[in-house]
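# Chains, contacts and geometry: an overview
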Amino acid sequence: MRFRNLQELMELCESESKTISEIMIQDQSEETGQSAAEIMTVMTEYYQIMKSAVHKGLTEETKSPSGLTGGDAKRVEAYRKREESSAGAIACQAMAYALAVSEVNASMGRIVATPTAGSCGIIPGVFVSAQERFGWDDEHLVRGLFCAGAIGYVIANNSFISGAEGGCQAEVGSAIGMAAGAMVELRGGTPEQAVHAVGLALKNTLGLICDPVGGLVEIPCIVRNGFGAVNALAAADMALAGVRSAIPSDEVIDVMLEVGSAMPSRHRETAQGGLAQTPTGRKIMKELRARKK
Amino acid sequence: MRFKNVFSIIGPAMIGPSSSHTAGAVRIGRFARQLLGAEPTEADICFYGSFAETFKGHGTDLAVVGGILDYRTDDERIRNSLQNAEEAGVNLHFSTGTAPGAHPNTVKINLTSGEERCEVIGASIGGGTVVIRNINGFEVKSSGELPTLVVAHADRQGVLAGITALFSKADVNIGYIITDRKGRTGEALTVVEADSAIPEPLIGEVTSLPYVSRVSYIHLT
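This one's a predicted model, so the numbers in the text were calculated from it and none came from an experiment.

Our next topic: the overall build of chain B. Of regular secondary structure, chain B possesses 6 helices and 11 strands. Against the globule reference of 17 Å for 221 residues, chain B gives a C-alpha radius of gyration of 17 Å, in line with a compact fold. When burial is assessed residue by residue, chain B has 52% of its 221 residues classed as buried. Within chain B, contacts between residues separated by at least 24 positions form 69% of all contacts whose residues are at least 6 apart in sequence. Carbon and sulfur atoms form 48% of the exposed surface of chain B, whose accessible area is close to 9,400 Å².

Structure follows, in structure tokens:
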């Protein structure tokens, strides 16, 4: 790839008068020796899986094998259709869709890791709800996934994208930044605005720990995906309105690395701290262990 | 750069719930299956570290067995893999163990089919990415991300030159290559990872080389 950070990515876009997704498709093609069409085909398949997962989570049984989670996406979807929601129907819809995909994941359904399975609801939640709202064709959204991928590529190589390494900020936080930047591009914002959206979003999740109850990708991962979709919309709106990330986005990514590196092991996916070690978290874990034997 | 392309960020397509505990586990199982080159009759699976703690909750057992049945990471049959294995006549044995110093998400798989046996130790290091660390007792390193040839041979002068010459002649670029041996002039194992698919005739020619005893082709994508 010709870019190592968001600044270089933005400069490439400006010097070549291209969008972030166009640069990503071109560089991916050069890196792998595959044509742009071949790469688009793979990403199109991924987007179809995301749409199916949204649909499945809203219509089918999603109780997880542990029995701890399932059905929240349907609750939120029914609520938003039934009455006026506090966050507004659009945000509520993105939230329901994100919950749906995360519940499909927890119940061993088919998803796409974006960037991980634990954070797989956020990008589909934002993308699929926006597609319905704005009437975009699939190709527009597939291109948007390359924009999200370019942002994630920078975050992953300068910081981290796994909870075991950097806490939940690295998984859910990264996914929100990727979704926010991509939403800006999808709506016709500039690469510079997209990059600001990433910094704005990441600042809001810095320090978020990874503390899954029983080590399972369920509590609190699923609801954090729901919140994440709403945060991504908010960050995209701030950036499109002209709000800038006063601390440059690349520097915010560096902070994520600093904070994650300082995070104790008990807050990095080991289930030895945080929500996992609350009295209720421990009780759930004990029950799961007893059932296993 | 740890992450080399856009599909290591968006992707893989997979059956949930965890890219490291599920998708990675499928890939290690499938590596072992393709190393054996046949449907096994016996499969011994030993989980270590975090895998040992949470393999039921994450479906890591279903995932490894799905891989042993040659399923891809996004194959919905993974959910029923234990039953499917039983119906296919694969006897499964699960255990847990401790391995000091090993990566927290490590699994050891022993497969048997008739006279053929193989053993693989692999770790799932995040986002569905895996590292195969040991094959049949040989210390190696392979990600399974590229088309891979595992060549068992005797430790004799010229075997590696013979392998690389055949790849060169077939116009297939070698990305990584690693060799380990049990002892001087004893048994050895070479893992070759290529930048493109390895054609059948090339595999045949490598198999026919002097001192080469067995060749497996591993292609997980």
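Moving on to the packing of helix α9 (residues 168-186) of chain A against helix α11 (residues 221-240) of chain A. Residue and element names in this part refer to chain A. Where α9 meets α11, the axes come as close as 8 Å, and the angle between the chain directions of the two elements is 40°. Considering their axes alone, α9 and α11 lie oblique with respect to each other. Once α9 is placed against α11, the crossing between them reads as right-handed. Packed against α9, whose contacting residues are Cys 168, Val 172, Ile 176, Ala 179, Ala 180, Met 183 and Val 184, the element α11 presents Arg 224, Asn 225, Gly 228, Asn 231, Ala 232, Leu 233, Ala 235, Ala 236, Ala 239 and Leu 240 at the interface. Grouping the amino acids of the contact of α9 with α11 by side-chain chemistry returns 13 nonpolar, 3 polar and 1 charged.

What follows concerns the packing of helix α5 (residues 89-106) of chain A against α11 of chain A. Residues and elements named next belong to chain A. Closest axis-to-axis distance for the α5/α11 pair is 8 Å, and the angle between their directions is 145°. The crossing of α5 and α11 is right-handed. In this structure, α5 contributes Ala 91, Ala 94, Met 95, Ala 98, Leu 99, Ser 102, Glu 103 and Ala 106 to the contact, and α11 contributes Ile 222, Val 223, Asn 225, Gly 226, Ala 229, Val 230 and Leu 233. Counted by class, the contact of α5 with α11 contains 11 nonpolar, 3 polar and 1 charged residues.

Moving on to the domain arrangement of chain B. Residues and elements named next belong to chain B. Looking at chain B, the domain boundaries give domain 1 (6-136) and domain 2 (148-218). Using C-alpha coordinates to define each centre, domain 1 is positioned 25 Å away from domain 2. Listed by partner, the interface residues are 7 residues for domain 1 and 8 residues for domain 2. Counting the surface lost from both domain 1 and domain 2, the interface buries some 650 Å², and carbon and sulfur atoms represent 56% of this.

To continue, consider the UniProt feature "domain: ACT" (unreviewed entry) in chain B. Taking the numbering used here, the UniProt-annotated feature "domain: ACT" (unreviewed entry) corresponds to residues 148-221 of chain B. End C-alpha atoms of residues 148-221 of chain B are separated by 11 Å, and the span's content is 27% helix alongside 41% strand.

Here the focus is the pattern of salt bridges. All names here are of chain A. Going through the model one piece at a time under the given rule, you end up with 21 salt bridges over all chains. Residue Arg 143 is joined to Glu 139 by a salt bridge in which the shortest nitrogen-to-oxygen separation is 3.1 Å. Here the residue Arg 143 and the residue Glu 139 both occupy positions in helix α7 (residues 138-158), the gap between them amounting to 4 residues, near one helical turn. By relative accessible area, which is 43% here, Glu 139 ends up partly exposed. Within this structure, Arg 2, Glu 16, Lys 18 and Asp 27 form a network of salt bridges that share partners.

Residue and element names in this part refer to chain A. By secondary structure assignment, the location of Glu 38 is in helix α3 (residues 36-59). Judged by relative accessible area, which is 40%, Glu 38 ranks as partly exposed. Along the primary structure Glu 38 and Ser 265 are separated by 227 residues, whereas in three dimensions their C-alpha atoms are 41 Å apart.

Our focus in this paragraph is the interface of chain A and chain B. At the interface, 47 residues of chain A touch 32 residues of chain B. Between chain A and chain B, roughly 3,100 Å² of surface is buried when both sides are summed, and carbon and sulfur atoms account for 61% of that area. Remark: the boundary between chain A and chain B carries 2 salt bridges. The tally of links between chain A and chain B comes to 11 residue pairs in polar contact (both at pLDDT 80 or more). Elements with a minimum of two residues in the side of chain A that touches chain B: α2 (20-32), α3, α5, β1 (110-112), α7 and α13 (279-292) of chain A. Of the residues forming the side of chain A that touches chain B, the biggest block, 9 residues, is contributed by α7 of chain A. Looking at the side of chain A that touches chain B residue by residue, the class counts come to 27 nonpolar, 12 polar and 8 charged. Sheet analysis places β1 of chain A next to strand β1 (residues 13-15) of chain B, joined by 3 bridges and oriented antiparallel. By the bridge assignment for β1 of chain B, Ile 111 of chain A is matched with Met 14 of chain B.

Cut-offs and rules
Residues numbered from 1 in each chain as written. Chains lettered and ligands numbered in written order. Predicted model: local features only at pLDDT ≥ 70, side-chain atom pairs only at ≥ 80, totals over all residues. Heavy atoms only, no water. Helix = DSSP H or I, 4+ residues; strand = E, 2+ residues; numbered from the N terminus. Rg over C-alpha atoms; globule rule 2.2 N^0.38 Å. Buried < 20%, exposed > 50% of the residue type's maximum accessible area, 1.4 Å probe, protein only. Contact = heavy atoms within 4.5 Å. Areas by Shrake-Rupley, 256 points an atom, 1.4 Å probe, with all protein chains shown as cover. Axes fitted to C-alpha atoms, helices over the stretch in contact; angles between N-to-C directions. Parallel < 35°, antiparallel > 145°, perpendicular 65-115°, else oblique. Left-handed = near helix turned anticlockwise from the far one by under 90°. Nonpolar A, V, L, I, M, F, W, Y, C, P; charged D, E, K, R; others polar. Domains from an automatic or database assignment. Buried area = accessible area lost by both parts, 1.4 Å probe. UniProt positions renumbered as here; feature names shortened; annotations may be inferred. Salt bridge = Lys/Arg side-chain N within 4 Å of Asp/Glu carboxyl O. Polar contact = N/O pair within 3.5 Å; in protein donor to acceptor, adjacent residues only side chain to side chain. Pairing = 2+ DSSP bridges.

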